[in-house]
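Report on the structure
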Amino acid sequence: MKGTINPIKLNEVIKYEDLFHEAFKGTPLRAGRVELITYWIKPGKSFITYDIHDQDKKFVNIEDAPSPPSIHREEIRFRTIFELNQPVDIEIAGVKRPSVIVTINITWSDDGSVVSYGVTDRTNTTYYGVREELLVRWNPEFVIRC
């Protein structure tokens, strides 16, 4: 899956005054520095959240909202190897289980980007945070097609 999002820039400082712009009253955004950007992809829905740090306070999973021009945004391109609803195998305690991808999360921080998945197995148990590297190891046949 390939795509582009337009979030607030990583490390952008949102000033307290920016949040009181007349056209953007009631925004869920918080003052502070954007430390983490997460793009959540679920069936029929996708959205962006931020982790924002302000001195001794840290706000997590703050949902994106329209913002004044003083808060800078940038386009970020992303690519995942696997797709929503794609059947894959996962390995639990050394046993392979047929599963399906139900969510995709892409996070960006100063350390780079990470793609992880939520996968549901045949027992209807969902495992969140399965890193793309693990799915590639368990499903090498899908990587060849990419």
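The shown structure was predicted, so the numbers you read here are calculated from the model rather than taken from an experiment. (Residues numbered from 1 in each chain as written. Predicted model: local features only at pLDDT ≥ 70, side-chain atom pairs only at ≥ 80, totals over all residues. Heavy atoms only, no water.)

1. Quick notes on the overall build of the protein
Secondary structure summary: the protein contains two helices and ten strands in total. The N-to-C order of helical and strand elements in the protein reads β-β-β-β-β-β-β-β-β-β-α-α. In terms of overall dimensions, the protein has C-alpha extents of about 55 × 30 × 30 Å along its principal axes. Looking at the 146 residues of the protein, the share that counts as buried comes to 40%. In the protein, of all internal contacts separated by at least 6 residues, the share reaching a separation of at least 24 is 51%. On the protein, roughly 8,600 Å² of surface is accessible, and the fraction owed to carbon and sulfur atoms is 51%. (Helix = DSSP H or I, 4+ residues; strand = E, 2+ residues; numbered from the N terminus. Buried < 20%, exposed > 50% of the residue type's maximum accessible area, 1.4 Å probe, protein only. Contact = heavy atoms within 4.5 Å. Areas by Shrake-Rupley, 256 points an atom, 1.4 Å probe, with all protein chains shown as cover.)

2. Describing the pattern of salt bridges
Between side chains of opposite charge, a pair can form as their charged atoms come close. One pass over the structure, following the stated rule, counts four salt bridges. Residue aspartate 121 pairs with arginine 97 through a salt bridge whose shortest N-O separation is 2.7 Å. Of this pair, aspartate 121 sits in strand 9 (residues 112-121) while arginine 97 sits in strand 8 (residues 95-109); the two residues are 24 residues apart in sequence, bridging distant segments of the chain. Each member of the salt-bridge network shares a partner with another, and the members are Arg33, Glu35 and Lys58. (Salt bridge = Lys/Arg side-chain N within 4 Å of Asp/Glu carboxyl O.)

Function-wise, these values are silent; they only describe arrangement.
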